[in-house]
Amino acid sequence: MIHVLCAYLTGLGFLLRGILILLQNPLSQYRLTKTLPHIIDTFLLISGGLLAYSLSFSPLTQPWLAAKIIALFLYIGFGLLMLRFGNTAKRQYLGLLGGLLVYSYIIGVAHSKSVLSYFFFL
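Here the structure is a predicted model, which is why all the values come from computation and not from measurement.

Right, let's get into the overall build of the protein chain. In terms of helices and strands, the protein chain carries four helices and zero strands. Along its sequence from the N terminus, the protein chain presents helices and strands in the succession α-α-α-α. Here the C-alpha atoms of the protein chain give a radius of gyration of 15 Å, agreeing with the 14 Å that 2.2 N^0.38 yields for 122 residues. Considering only C-alpha atoms, the protein chain reaches an extent of 45 × 30 × 20 Å along its principal axes. Scored against the burial criterion, the 122 residues of the protein chain give a buried share of 32%. For the protein chain, the share of sequence-separated contacts (at least 6 apart) that also reach a separation of at least 24 residues comes to 61%.

What counts and what doesn't
- Residues numbered from 1 in each chain as written.
- Predicted model: local features only at pLDDT ≥ 70, side-chain atom pairs only at ≥ 80, totals over all residues.
- Heavy atoms only, no water.
- Helix = DSSP H or I, 4+ residues; strand = E, 2+ residues; numbered from the N terminus.
- Rg over C-alpha atoms; globule rule 2.2 N^0.38 Å.
- Buried < 20%, exposed > 50% of the residue type's maximum accessible area, 1.4 Å probe, protein only.
- Contact = heavy atoms within 4.5 Å.

Coordinates in, geometry out; function isn't part of it.
Here it is in structure tokens:
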């Protein structure tokens, strides 16, 4: 349950922080706004690792898990684009939109246990 809770909190936090940045709201620069996502993501990664270990899942034998890990790197890249390298509103918007799309894909993979994500249900 910790992993699931942190997964949803990180997505919500990404969305809220992206909106604050696009609106150039001073809240986006507060220490808590910058620190809390790292705490949540740390719990997310640790709980995910422990969950995979306890269930004997390996990205080498579970293609959906490998897809989640690869998508995680894309998600981080879009987050960096939005937060660090987004020196224009267009880049920030692209980072937010791309990050949310990849996040949605990751959640779909987690629910369907398929690389096809939500398309598995069609």
